[in-house]
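Next come the chains, spelled out residue by residue.
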Amino acid sequence: MRYNLDELHWQEFEVLSFKVVQKMVSSDVQFIEGGSDKGRDFVHEGSSIDFKSDWAGKWIFQAKHKSKKNKFANSLVSDLRNELEKVFIKNELDYNNYVLVTNKTIDGNLFDQLNITFQEFKSENEIPCNNFGILSYRQLESCIDNSNELKWTYPNIISHPDFEVLIREATNYNLETRKRAWLNNIEKHREKFVYTNFFQQAYDKLYDYPAIILSGPPKSGKTFNAEILALNYSIFKGYQPILIDNAEDIEVAHEKDRKQIFICDDAFGKHSLSYRIEDWFQKLERIFSLADSSHLFIFTSREYIFRAFINFGNEDAKKLLEKIIVESHNYSTQEKLSILHRYTETSKISEFDKASIKNWEKEITSHKNFSPETVRAFFANIDTNNNDEQLELLREHIKKPDAYLSVVFSKLNEIKQAALLSVLCSPKNDENSIITKFSTICSDLSINQILDSKIEFDELEDSMLRVLKTDKIQEISFYHPSMQDFLISQLIANDTGKLREIVIKNPNQQLLEMSLFKPAENSMFVTDVGKIIELNKHDVSKLEIGIKRLINNSDLSINNAVYIFKWFEHRNHTLDLRINDAPLFNSIKGIVHEIYKSIHKKEFYFYHKDNPSSNWADLFLTVKSNSMYYGYNIDENNIEYISEILKYKREEKYYWKLVFRLANYTTEEVILKEVGKIWLNDFYKKLKDDIFELGYELFGNDFPEFNKYKAEVLEKKNPQKRKSKPNNSWYPRYINVNDRISVLKEIKGLKIGFKILNPLILPYDEIKQISDYAKNRHIFNVDKGWWSN
């Protein structure tokens, strides 16, 4: 059989049957919810599209799922008589057509038995129902064959060879290696996917909006649902899947003439907000300006991080974000039972243990700690050498779902622990970066006997780690963030110890996000101590080693380097320490000076030259800000690669931003030599034309001096300064202009900035006064569907 319908939980089969009946009979077929259905799963009144198209009147459909282990023939016959009794005798309902829907293939003998059962019941009870029909596996198979929507809503029913063929047939582009590894991983785990209302809401929301946010507590299935949804769109609708690690990468990967769907997991930060609030809203505004029917975005975020984010936003932003959010709470009772059933039935535990768990399934699924990840973690870490009953182990696991992490970690040998720490500390999660970090940590731990590093990671796959592979390893990450949380909790709980020392000597951005220096006493700021790795004066020497390793790591991105400098600007490290712990502040100042020296060197440029201009521009802006906090001079001769980078980046979209941010680090003569007067004049002319175009559209030819308007004001004619309303492209074009003006304002004190900005500032100020109105108008009309974004 092409589709594994036997493996579905009965509740999943019921929903699948409903969707099939809607396609074969009528989209008006109604699903009867709840336990008081009176024997009715779905009902319809009218004619049929395809199935029994000569029938009419009132229809009733009863879905019956039978597992492959059952002797289903007798069971189906018995169930049919019981259901007929419930519908027509007990509840005295009136229907013209009765249809049995089943996942089983019905042979001639069974068809005759079922038909005789119906006819005998009809004759004995004189019911007015004249027609009896069966939708069996073969009809369901035919319908699924013709519906890509059904295939990708239930990817777990597709047999392995067919799944691979469908991917190859449906993808008309050559997948990058990382995307192939991602698809391989989904193929490996798709049998665990359970269709839920959460998935359907996300699917529907993405149809209505080009960007959605899947938000919810840890372990609630956000990432898995986002992956299946993206897979659906990439294969069924021809979108190119783009996996995004940093928000800055979106504009680089965006292709105007290609259908793309971006998946941004933990978009706003894994443990806390990864950017300042104001920075995030600027980034989102740019991202949403790219979103349209051909460019879709799926963000996931832990609920507490996302709520913290929108609570700091303005009301307009909050209203927009709340419209596109899909909450992963509140799986229904039946959905929880389906999830437990799927993991139980696909596991390697004994039939006795499976039956025991089924008998206690209601207690297990009603526990407050039940979640998709909690169940997955249990079955992924089953100890086959443990003779205890799996039911009791599962019940204990549900009570303390993270307790297994401590047990598993403590049982690992030192090399395996080092492997997990390398995943925790690596700046990237590709194979080379993690293997390199693994080697460094093993050296820190004085571990010398390692025969094959890859074996250590392979042996942790599917229990603690998720390993994406093609012909080789492409990506290694913790299977779930809770595993990372566990390791970090050990750091928070222990002020001393080898684990803490190793991590401080090997930090990455995520670890820095959770770390803060604290003064010896009298801190000015209250922090959530339970979620912070507190650093002190004893950690300075180890952190200096760690920061040097990080900034000189060839796998570091420019975005990571930006964050390092911003981390040192945190109020705890500047204002708080300067006032309350000057010796510690001076020690940190020494580290900052060292990382500033590191980014001067040509070696730094060599490893990072292919990072986009916009990221380099952000780095130079951040370093300038950092220099004011820590009192070091930006010497004109410090950066060794100014000429090289200005030549190399010349054709990039945000080259202009790099040019003007670098103006703080060199002389006007160097800029003129490397960039040229022609380029600067063209930039000025283009910016001027864009400003005047926006102005003429609103104000007419009276812009920008407004001589006619001023004269009419003097004549007391009550003139209208603005002649037209902003159209659907006005505000996005204004954002583009505003970006350029903002960067020029950063260097208005320099001759090169003043020359360009000064003639344009008054015309710009005129259109800026309209920008808030234009923004609100744009959001309103896009929201109503009157404008496309």
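Rules used in this analysis
Residues numbered from 1 in each chain as written. Predicted model: local features only at pLDDT ≥ 70, side-chain atom pairs only at ≥ 80, totals over all residues. Heavy atoms only, no water. Helix = DSSP H or I, 4+ residues; strand = E, 2+ residues; numbered from the N terminus. Contact = heavy atoms within 4.5 Å. Areas by Shrake-Rupley, 256 points an atom, 1.4 Å probe, with all protein chains shown as cover. Polar contact = N/O pair within 3.5 Å; in protein donor to acceptor, adjacent residues only side chain to side chain. pLDDT = per-residue confidence, 0-100. Core = buried A, V, L, I, M, F, W, Y, C linked by side-chain atoms within 4.5 Å. Buried < 20%, exposed > 50% of the residue type's maximum accessible area, 1.4 Å probe, protein only. Pairing = 2+ DSSP bridges. Axes fitted to C-alpha atoms, helices over the stretch in contact; angles between N-to-C directions. Phe/Tyr/Trp six-rings, centres within 6.5 Å; stacked < 30°, edge-to-face > 60°.

A look at the overall build of the protein
Part 1: Tallying secondary structure elements over the protein gives 39 helices and 14 strands in all.
Part 2: Here the analysis covers contacts within the protein between residues at least 6 apart in sequence; of these, 72% occur between residues at least 24 apart.
Part 3: As presented, the protein carries roughly 36700 Å² of accessible surface, and 47% of it is formed by carbon and sulfur atoms.

Digging into the environment of Asp 690
Part 1: Here Asp 690 is to be found in helix 35 (residues 677-699).
Part 2: In this structure the C-alpha to C-alpha distance between Asp 690 and Tyr 764, which are 74 residues apart in sequence, comes to 9.9 Å.
Part 3: Once you skip the residues sitting within four places of it in the chain, Asp 690 turns out to touch Val 737 and Arg 740.
Part 4: At 2.8 Å, the side chain of Asp 690 and the side chain of Arg 740 are in polar contact.

Overview of the confidence of the model for the protein
Part 1: Chain-level pLDDT for the protein is 83 on average; 86% of the residues reach the 70-or-more range.
Part 2: This model gives residues 170-174 a pLDDT under 50, and the stretch forms seven contacts once residues within four places in sequence are excluded.

A few points about the side chain of Thr 117
Part 1: Residue placement: Thr 117 occurs in helix 3 (residues 108-125).
Part 2: Apart from the residues lying within four places of it in its own chain, the contact partners of Thr 117 are Val 77, Leu 80 and Arg 81.

Describing the nonpolar core
Part 1: If you look at the biggest cluster of nonpolar residues, it comprises 117 residues, and the most contacted ones within it are Leu 465, Phe 568, Trp 616, Leu 619, Phe 660, Ile 691 and Ile 767.
Part 2: Here the element with the most residues in this core is helix 35; it accounts for nine residues.
Part 3: In contact with Leu 465, not counting residues within four places along its chain, are Leu 420, Val 423, Phe 457, Leu 460, Ile 476, Ser 477, Phe 478 and Tyr 479.

Considering the pairing of strand 8 (residues 260-264)
Part 1: A large share of strand 8 lies buried, amounting to five of its five residues.
Part 2: A two-sided burial pattern is seen for strand 8, the buried positions comprising Gln 260, Phe 262 and Cys 264 on one face and Ile 261 and Ile 263 on the other.
Part 3: With five bridges connecting them, strand 7 (residues 240-244) and strand 8 associate as parallel partners. If you follow Leu 243 over to strand 8, its bridge partner there is Ile 263.
Part 4: By the bridge criterion, five bridges tie strand 8 to strand 9 (residues 295-302) in an arrangement that is parallel. By the bridge assignment, Ile 263 is partnered in strand 9 with Ile 298.

Quick word on the environment of Leu 512
Part 1: Here Leu 512 is to be found in helix 25 (residues 509-513).
Part 2: The spatial distance from the C-alpha of Leu 512 to the C-alpha of Ile 532 is 9.8 Å, given a sequence separation of 20 residues.
Part 3: Excluding residues that lie within four positions of it along the chain, Leu 512 makes contacts with Pro 507, Ile 547, Leu 550, Tyr 563, Ile 564 and Trp 567.

Details of the sheet that holds strand 8
Sheets are built from strands that pair by backbone hydrogen bonding, the pairs being arranged parallel or antiparallel.
Part 1: A sheet is described by the order of its strands in space; here five strands give the open sequence 7-8-9-6-10, paired in parallel fashion. With one partner strand each, in any of the chains shown, strand 7 and strand 10 (325-327) form the two edges of the open sheet. Between one strand axis and the next, the sheet turns through 20° on average, direction left out of account.
Part 2: Across the sheet, helix 8 (residues 197-208) lies against strand 6 (211-216), strand 8, strand 9 and strand 10, angled at about 175° from strand 10, the strand it touches most.

What about the pairing of strand 6?
Part 1: Counting buried residues along strand 6, six of its six residues qualify, which places the element largely inside the surrounding structure.
Part 2: Here strand 6 shows no split at all, with Ala 211, Ile 213 and Ser 215 on one side and Ile 212, Leu 214 and Gly 216 on the other all buried.
Part 3: Sheet analysis places strand 6 next to strand 9, joined by six bridges and oriented parallel. When the bridges of strand 9 are listed, Ser 215 appears paired with Ser 301.

Considerations on the packing of aromatic side chains
Part 1: According to the stated counting rule, one finds 48 aromatic pairs in the structure shown.
Part 2: Arranged with centres 6.2 Å apart and planes meeting at 65°, the rings of Tyr 195 and Phe 199 form a pair that is edge-to-face. Take Tyr 195 and Phe 199: they sit in the same class, and that class is buried.
Part 3: Residues Phe 606 and Tyr 607 carry aromatic rings whose centres are separated by 5.4 Å and whose planes lie at 75° to one another, so their mutual orientation is edge-to-face.
Part 4: Exposure remark for Phe 606: the relative accessible area of 53% places this residue in the exposed category.
Part 5: Judged by its relative accessible area of 48%, Tyr 607 falls in the partly exposed class.

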